[in-house]
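Notes for the structure review
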Amino acid sequence: MCTTCGCGDETNIRVSTLQEPSSALSPGHPHDHPHDPGHTHGPDDGHGHEHEHPHVHHSETIPLEQSLLAKNELLAARNRGWLEGRGIRALNVMSSPGAGKTTLLVRTLADLGERLQAGVVEGDQETSLDADRIRAVGRPVVQINTGAGCHLDADMLRRGLDALDPATGSTVFIENVGNLVCPALFDLGEAAKVVVVSVTEGDDKPQKYPHMFRAADLVIINKSDLLPYVDFDVDGFRRRARQINPRTDFLVLSATTGDGLAGWYDWLDGTNSRSSTLTGSLTDTLSP
């Protein structure tokens, strides 16, 4: 899983449609093998022998992080090809916990779910609480529980897409695990990365988590209805984020009250791929 933060335990990853028992995503199948009745272990079977063997020692540094990310990039490219070949738009929605990703998706699906033919791949370490909220608005959803994992990766998305089975021409929202660190490093094969930030988090997040904002195609500043009550400099936030990623675009909205959602819906209407077409459509949609 994730050597960048040490969170790997693939045996605890579970994918569920919430209509059947979840399936573990285990890379192997550890279990005991019975021995034949005549099979016994001798004292040397554990290799605890005393005699010496000549050994040749080689020193080699294995870049585990690079190897892991390279494998993920390959799987992400396969996902991207599969999605593009079917005309399916996948949007990777990322944020810290509590920024309002699920509230934004629930509101979006209630308003546009049918027109977008939208489904959701929901990522959380445990529970199906957010997925249950998605299901309540009548849209298909697949829950991925990552156990100790702090992000989704391309292989998890592949299995999630297999379970979701999105229709040709549909939209898939990927709600990543709440975390501003590792999700930024793992391409899933999505058309665009959307980062949601709450005004209650403070306006210094671009400086603290530069990888996330460098990867973002769109940054949504959520909970704008709370701006009168918190110390959050919207212009300062935009300026700091653009110092890291000049192509990043911004929306300010409240998923709770609905203020500013029209700009988000316009953005969704203009998004189709992670190409110059995407960048152009964002510029046209979001320019003042």
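Just above, that's the structure.
This write-up is about the structure you can find in this document. The model shown is predicted, which means the values in this text are computed figures rather than measured ones. (Residues numbered from 1 in each chain as written. Predicted model: local features only at pLDDT ≥ 70, side-chain atom pairs only at ≥ 80, totals over all residues. Heavy atoms only, no water.)

With that settled, consider the overall build of the protein chain. For the protein chain, the helix and strand inventory stands at nine helices and nine strands. Sequence separation of at least 24 residues holds for 72% of the intrachain contacts in the protein chain that already meet a minimum separation of 6. If you sum the accessible surface of the protein chain, you get close to 14600 Å²; carbon and sulfur atoms cover 50% of it. (Helix = DSSP H or I, 4+ residues; strand = E, 2+ residues; numbered from the N terminus. Contact = heavy atoms within 4.5 Å. Areas by Shrake-Rupley, 256 points an atom, 1.4 Å probe, with all protein chains shown as cover.)

Looking at where G100 falls in the secondary structure, it is placed in the loop between β3 (89-95) and α2 (101-116). Sequence-wise, G100 and T256 are 156 residues apart; in three dimensions their C-alpha atoms are separated by 8.8 Å.

We now examine the packing of aromatic side chains. Applying the stated criterion across every chain, the model contains four aromatic pairs. Relative to F250, the ring of F237 lies with its centre 6.3 Å away and its plane at 80 degrees, an arrangement referred to as edge-to-face. A residue pair is termed long-range when its members are at least 10 positions apart, and F237 in helix α7 (residues 234-244) and F250 in strand β9 (residues 249-252) qualify at 13 residues. For the pair W264 and W267, a centre-to-centre distance of 5.7 Å together with 15 degrees between the ring planes defines the contact as stacked. Linking W264 with W267, this pair stays in helix α8 (residues 261-270), spanning three residues, or about one helical turn. Judged by relative accessible area, which is 0%, W264 ranks as buried. For W267, a relative accessible area of 0% puts it in the buried group. Among the aromatic residues, those joined into a ring-pair cluster are F213, F232, F237 and F250. The ring of W82 carries R158 above its face, with NZ or CZ at 4.5 Å from the centroid. (Phe/Tyr/Trp six-rings, centres within 6.5 Å; stacked < 30°, edge-to-face > 60°. Buried < 20%, exposed > 50% of the residue type's maximum accessible area, 1.4 Å probe, protein only. Lys NZ or Arg CZ within 6 Å of the ring centre and 35° of its normal.)

The N-to-C vectors of α2 and helix α3 (residues 129-136) enclose an angle of 15 degrees; their axes lie 9 Å apart at closest approach. When the axes of α2 and α3 are compared, the pair comes out roughly parallel. Crossing of α2 over α3 shows right-handed handedness. Contacts from T102, T103, L105, V106 and L109 of α2 reach α3 at D130, R133 and I134. Considering only residue class, the contact of α2 with α3 consists of four nonpolar, two polar and two charged. (Axes fitted to C-alpha atoms, helices over the stretch in contact; angles between N-to-C directions. Parallel < 35°, antiparallel > 145°, perpendicular 65-115°, else oblique. Left-handed = near helix turned anticlockwise from the far one by under 90°. Nonpolar A, V, L, I, M, F, W, Y, C, P; charged D, E, K, R; others polar.)

Any two side chains of opposite charge can pair, on the condition that their charged atoms come close. On inspection of all chains with the given rule, the structure shows 14 salt bridges. Residues R158 and D162 are paired through a salt bridge, measuring 2.9 Å at the closest nitrogen-oxygen approach. Of this pair, R158 and D162 both sit in helix α4 (residues 154-164), four residues apart, which is roughly one turn of that helix. Residue classification places D162 among the exposed positions, given a relative accessible area of 52%. Between D235 and R238 there is a salt bridge, with the nearest N and O atoms lying 3.6 Å from each other. With a gap of three residues between them, D235 and R238 both fall in helix α7, about one helical turn apart. By relative accessible area, R238 is classed as partly exposed at 28%. (Salt bridge = Lys/Arg side-chain N within 4 Å of Asp/Glu carboxyl O.)

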